Amino acid sequence: MQKKILICLEVLVIFGVLIFYLFYEVIPEYRKSLGSSDSFVSAKDYQNMIEVSIDSQFDLAFLINSKGNIYHLFFFDKTSTILYNKNIENHSIEDALDLVFPLLIQNGVYQSTSSVVIFHATDSFATSFLDAWKSRCLKYSLSDSIMEDSFALEERAQSLGIDEDSLSSILLGFDFYSKEMVRTYASQSAPLDWERAKEYANHIYQRIEKYVLEESITSLKKGEGELYLSNIPAEETATYYPTQNSWYYVEEGKVYAYLEFQEKGNTYSYCYSGSIDLWKKGECDAS
């Protein structure tokens with residue numbers, strides 16, 4: 001009996017240590033690793049949801065609390081994820097929009113001819129938001145001709161396939177929709193850089209190697225293959241493709257390739273000399 005009590009006490013001690021470690025070590029470290037947009041939405045803080053649509057290609061919702069601060073963002077399309085984890089949350093409307101506008105302009109989302117519609121679910125802080133938005137339009141020489149409209153949360157939820165009726169359930173439904181959008185697109189929303197272009201080039205090169213292997217090709221001149229590089233998506237969202245300047249050929253079963261990507265006037269290219277491990281940045285040497 002005494003032995004059983006000791007075993008039970010040991011189990012309780014171990015369990016207590018694990019709980020302590022979880023709450024005082026693991027959870028705080030996990031919270032530190034979260035970005036500004038990674039938290040789950042709080043319904044108790046909700047006062048209004050203001051949704052901004054730009055040229056029907058950017059759709060983002062700002063949630064505002066009783067203090068008039070933007071405390072959460074909903075990303076409703078691919079382009080809006082450029083604002084993911086940019087520390088926009090937990091700022092006043094004024095300070096948040098000071099962060100938003102430069103990012104919209106730098107990424108080519110907001111231009112002088114853009115058509116903007118701002119929707120609001122309630123009247124709370126709607127005027128303050130609109131005034132702050134228009135003042136930044138003037139600051140950045142953008143059109144301050146904004147269409148305004150209102151919507152019911154229930155109807156907006158149904159438009160996204162969310163069949164809920166309580167405030168907390170609707171907001172949580174929006175949040176799940178938003179987080180799936182982020183999971184799918186956020187890594188692709190940032191401007192293309194050399195590191196990401198290298199990942200895309202490797203993907204295309206491996207696709208060429210697969211084609212060569214499956215077709216048992218040992219020799220192939222430039223332009224002769226039936227695999228057209230400009231038709232191969234570089235990543236799962238099919239946003240980037242090799243340019244028409246890209247090429248490949250095969251000698252003794254080895255693939256030689258020049259793979260080029262372009263975005264907003266910038267060119268990123270890699271040259272492969274018979275192996276995915278034999279590469280260099282930029283154009284291939286003349287041969």
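Residues numbered from 1 in each chain as written. Predicted model: local features only at pLDDT ≥ 70, side-chain atom pairs only at ≥ 80, totals over all residues. Heavy atoms only, no water.

### Details of the packing of aromatic side chains
Turning to step 1, where the next piece is worked out: Scanning the entire structure with this criterion turns up 22 aromatic pairs.
Turning to step 2, where the next piece is worked out: Where F101 meets Y140, the ring centres are 6.0 Å apart and the plane angle is 15°; that geometry is what we call stacked. Note that F101 is positioned in helix 2 (residues 93-106) and Y140 in the loop between helix 3 (126-139) and strand 6 (146-150), a separation of 39 residues in sequence.
Turning to step 3, where the next piece is worked out: Accessibility expressed as a relative area gives 27% for Y140, which makes it partly exposed.
Turning to step 4, where the next piece is worked out: Ring centres of W194 and Y268 lie 5.2 Å apart, and the angle between their planes is 75°; this geometry places the pair in the edge-to-face category. With W194 in helix 6 (residues 194-214) and Y268 in strand 9 (residues 266-273), the pair connects residues that are 74 residues apart, well separated along the chain.
Turning to step 5, where the next piece is worked out: Among the residues examined, W194 registers a relative accessible area of 31% and is labelled partly exposed.
Turning to step 6, where the next piece is worked out: By way of ring pairs, the aromatic residues F62, F101, Y110, F129, W133 and Y140 are connected into one cluster.
Turning to step 7, where the next piece is worked out: Over the ring of F76 we find R156; its NZ or CZ atom is 5.0 Å from the centre of that ring.
Turning to step 8, where the next piece is worked out: For the cation-ring pair, K198 lies above W279, with the distance from its terminal atom to the ring centre recorded as 4.2 Å. (Phe/Tyr/Trp six-rings, centres within 6.5 Å; stacked < 30°, edge-to-face > 60°. Helix = DSSP H or I, 4+ residues; strand = E, 2+ residues; numbered from the N terminus. Buried < 20%, exposed > 50% of the residue type's maximum accessible area, 1.4 Å probe, protein only. Lys NZ or Arg CZ within 6 Å of the ring centre and 35° of its normal.)

### Digging into helix 3
Turning to step 1, where the next piece is worked out: For helix 3, which comprises 14 residues, the first-to-last C-alpha distance of 20 Å matches the rise-based estimate of 20 Å (1.5 Å per residue) to within 8%.
Turning to step 2, where the next piece is worked out: What helix 3 keeps buried is the set A126, F129, L130, A132, W133, R136 and C137. The arc enclosing the buried residues of helix 3, seen along the axis, measures out at 165°, which places them on a common side. Summarising the geometry of helix 3, the exposed residues directed more than 90 degrees from the buried face are T127, L138 and K139.
Turning to step 3, where the next piece is worked out: Along its buried surface, helix 3 packs onto strand 1 (48-54), strand 2 (58-64), strand 3 (69-75), helix 2, strand 5 (116-120) and strand 6. (Expected span 1.5 Å × (residues − 1). Arc of directions from axis to C-beta. Contact = heavy atoms within 4.5 Å.)

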